[in-house]
Every structure is written in C-alpha cells, then in structure tokens.
Amino acid sequence: MKKRVFSGIQPSGILTLGNYLGAIKRFVEMQDEYEAFYCVVDYHAITVPQAPETLRSQIAHTAAFMLGAGLDPEKMTLFVQSDVPAHTQLGWIMECTASFGELSRMTQFKEKSEGKESVSGGLFTYPALMAADILLYDADGVPVGDDQKQHVELCRDLAERFNSRFGKVFKVPEPIIGETGARIMSLQDPHKKMSKSDPNPAGYISLGDSKDEIVKKVKRAVTDSGREVAYDPEGKPALANLITIFSHCAGKTIDEIVAAYDGKGYAEFKRDLAEAVVEAITPVQEKHDALIADGSFVQILIDGARRAHEVSSRVLKRAKEAMGLSVLLDPEAVRL
Ligand code: AMP
Ligand code: TRP
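So, a few notes on the structure that sits alongside this text.

Rules used in this analysis
- Residues numbered from 1 in each chain as written.
- Chains lettered and ligands numbered in written order.
- Predicted model: local features only at pLDDT ≥ 70, side-chain atom pairs only at ≥ 80, totals over all residues.
- Heavy atoms only, no water.
- Helix = DSSP H or I, 4+ residues; strand = E, 2+ residues; numbered from the N terminus.
- Rg over C-alpha atoms; globule rule 2.2 N^0.38 Å.
- Contact = heavy atoms within 4.5 Å.
- Areas by Shrake-Rupley, 256 points an atom, 1.4 Å probe, with all protein chains shown as cover.
- Lys, Arg positive; Asp, Glu negative; His and termini not counted.
- Charge placed at Lys NZ, Arg CZ, Asp CG, Glu CD.
- Phe/Tyr/Trp six-rings, centres within 6.5 Å; stacked < 30°, edge-to-face > 60°.
- Buried < 20%, exposed > 50% of the residue type's maximum accessible area, 1.4 Å probe, protein only.
- Axes fitted to C-alpha atoms, helices over the stretch in contact; angles between N-to-C directions.
- Parallel < 35°, antiparallel > 145°, perpendicular 65-115°, else oblique.
- Left-handed = near helix turned anticlockwise from the far one by under 90°.
- Nonpolar A, V, L, I, M, F, W, Y, C, P; charged D, E, K, R; others polar.
- Pairing = 2+ DSSP bridges.
- Right-handed = clockwise from strand over helix to strand, strands pointing away.

### Considerations on the overall build of the protein
The secondary structure content of the protein amounts to 13 helices and five strands. Relative to the 2.2 N^0.38 estimate, which gives 20 Å for 336 residues, the radius of gyration of the protein is 21 Å and therefore close to what a compact globule would have. Overall, the C-alpha framework of the protein stretches about 80 × 45 × 40 Å when taken along its three principal axes. Sequence-distant contacts, at least 24 apart, represent 74% of the contacts inside the protein between residues at least 6 apart. For the protein, the accessible surface area stands at approximately 16,200 Å², while carbon and sulfur atoms represent 52% of it. For the protein, the centre of its 40 positive side-chain charges and the centre of its 48 negative side-chain charges are spaced 2 Å apart.

Set out below in structure tokens:
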C-alpha cells in the first residue's frame, strides 16, 4: 500500500513563488509515490476577515494554480476544506485535546497577532484545526514549508495524547520538509518569509504577476553590499535568497549559479534571474488560465470532496466512538 500524505494551502491571496517552490512543486512530485490528499483550507483563511467575493475567487484561483502546477485528479485528491464536514468536527475535538499553554507557544500565532487590536479566537486555535485536517486522513507525512513545522509537531503531540487516553485511533504523522526552498524569503526583507499577506507587493512574486511585474520586482529586490554574486546566507542573506530562487527555477545547483556569475555584476544576475522565474511560472499560469476559462476545476473539487468525505468520516467515527460521544453512531451502546 502506498503511504499517505496530506497538506493544505490557505486561499488567503494569490499564491506566491514561495508557496510554489516551498510546497506545491513538491506536492506534484509526491503524487506518484504517495496517496496524496491536498486541501484548500478556507476555514483557516477566515481566521482573519475575508470579503465573501474575494474568498470565493481566491478558492478558485488557489485550486486552479495547484492543478496548473501539475496536480493530476487521476492521481491525487484535491478538495476544499469547508466541503468536508469532518474537519470542523474533529477540529473541535482537537481544540479540547490541546492545552491553552501549547497553543500560546505557536510562533505563527504570536507573529500574526502582534500589534493587532483585535484577534479572532480562531487564529489562536487554528493549529488544532490543522491537526484535525492531517489526522482525518491517517497521513504518514505532511509536506510543508519550514514555517509549518511547529504546527505539525503539535499535531503529533495531540495525536499521541489522544491515543494514550482513548486507544490507538490516530496515525502519528511526520513533517516532510524540503532541504532548500523550504523557506523563500521576502524580496524586500530577507529576514521575513515571502508571504501573500505581505502588505507590500514588492516583497513577493505572485503566480498571478505578469512578466513585466516580475522583471520590475526582481530589479527592485534588495541585495547586500558588495558586487560579487556569492552564496553566503549569514553574511549576504538577500543575495542568498535570490540565488536559491534562481537555483529552483532554473533547476541548477547553487554552485552552478555562483560559478556562472563569477566576475559578473548584480545587474546581469538579476536580468537572468527574472527570466528564469518567468520561464518557471509561465506554464503554470497558462494552465491556470485555461482551467479558470473552462471551469473544469469545479468538478475536480466536487469529486475530491466526495472522496475526502469517505475517508475522513471513517476516521472521525473512530475518534468519536473512542471518546464516548454520540448516540447515533451506536444507539445500542447507550441503552443503560
Ligand atoms: P500558506 O500560504 O501559509 O497557506 O502556506 C502554504 C504552504 O506553502 C505551506 O506548506 C507553507 O509552508 C508553504 N510556504 C508559504 N510561504 C512560503 C515561503 N516563503 N517559502 C517556502 N514555503 C512557503
Ligand atoms: N497552516 C498551513 C499554512 O498556513 C495550512 C494548513 C492547514 C495545512 N491545514 C494543514 C498544512 C494541514 C498542512 C497540513 O500554511
């Protein structure tokens, strides 16, 4: 039997090059070797306010970009989280399994809530829902970028705690983190991850950007002082990030890139980098546009939700029975 993987992406904006290199490209590679479930996690996106029309369109674009990148409905299951009721149901159970203290230690919550006047309860309990997402599919592995590692570790802790209280219900998953590309940084600040929720669009390359926009953003990307194209993540983090992006987009090693720009300046490097990025994402954009134009992604999501419901409802049932919840699941068991 193939091992299972599960991963999710929030429809909170148009996907960035960071999502593509850090997550989606690997989702595509994994669909052959694993039984893969990929989810557009719209319940996670509403932990911050979303306008309904924008959310609807971002769900469509997120799914179409994932399919455009090469996810194949014949090989994997792609679905939208709010179409599958088991997620919020097990989500609640996981909220009750997690402690306030461990949720308080999640760095993403600290980052996202810092300086905000009002923060939703959902933003705080978000990792419990994420744990439910994963556990519902008996996933062996969870391919994610480096920023999500702490959440997957929490998921493991919750699964183990639940199992020790109620018997072996959940499979305990492992995070699968790529070596490079796991963290693509902002083009404007190499200490911040490239994020679709960055208020400054110069910080990220979106999969929706035109060729001209990409060229402009790469030109404006901050570099470190000096003139040489050298890979030094500690001393020259901005340049190292650009070299990493180049390496992924062009399918070359870091050393090959550095050698190719020996004695050449930043301008030439940036010109070629922009071209490599455009070449990498243009085919994804074209497939995305075709899927949006003919609407064929919709049926894929409907079929995906049906399949996801089949699998997840069985695991949810196991969890509820083990805990002593529900009359309907086993009416005889509650006759005292
Ligand atoms: P999100 O956009 O936060 O829903 O993230 C979706 C997936 O993309 C997760 O696996 C993240 O770890 C990954 N990801 C997001 N931003 C980056 C980035 N800048 N570099 C690498 N991976 C990323
Ligand atoms: N929290 C993830 C992120 O922000 C998205 C996510 C939700 C996820 N549920 C998941 C990722 C389950 C992996 C597995 O990127």
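So that's the structure; there's more coming.
### Here's the deal with the packing of aromatic side chains
Taken as a whole and judged by the stated rule, the model has 12 aromatic pairs. When the centroid spacing of 5.1 Å and the interplanar angle of 45° are considered together, the rings of F100 and F124 count as tilted. A residue pair is termed long-range when its members are at least 10 positions apart, and F100 in helix α5 (residues 100-104) and F124 in helix α7 (residues 121-135) qualify at 24 residues. On the basis of relative accessible area, F124 is assigned to the buried category, the value being 14%. Taking 5.7 Å as the distance between ring centres and 50° as the angle between the ring planes, the aromatic pair formed by F246 and F269 counts as tilted. Separated by 23 residues along the polypeptide, F246 in helix α10 (residues 237-250) and F269 in helix α12 (residues 266-294) bring together distant segments of the chain.

### Description of the packing of helix α4 (residues 86-97) against α7
Relative to each other, α4 and α7 sit at 125°, their axes nearing to 8 Å. Comparing the axis directions of α4 and α7 gives the class oblique. In this structure, α4 crosses over α7, and the sense of that crossing is right-handed. For the pair formed by α4 and α7, the contact residues are H87, T88, L90, G91, M94 and E95 on the first element and T125, A128, L129, A131, A132, D133 and L135 on the second. In the contact of α4 with α7, the residues fall into seven nonpolar, four polar and two charged.

### Some thoughts on unusual backbone geometry
Positive phi outside glycine occurs at D138, with the angle close to 50°. Following the sequence through the fold, D138 ends up in the loop between α7 and β4 (141-143). Phi at S326 takes a positive value of approximately 80°, unusual for a residue other than glycine.

### Focus: the pairing of strand β2 (residues 35-40)
Among the six residues that make up β2, five are buried, leaving the element largely enclosed by the rest of the structure. As defined by bridge partners, strand β1 (residues 4-9) adjoins β2 across six bridges and the pair is classed as parallel. If you follow R4 over to β2, its bridge partner there is E35. Handedness of the crossover is the feature at issue here: the chain leaves β1, passes through helix α1 (residues 17-33), returns alongside β2, and the resulting connection is right-handed.

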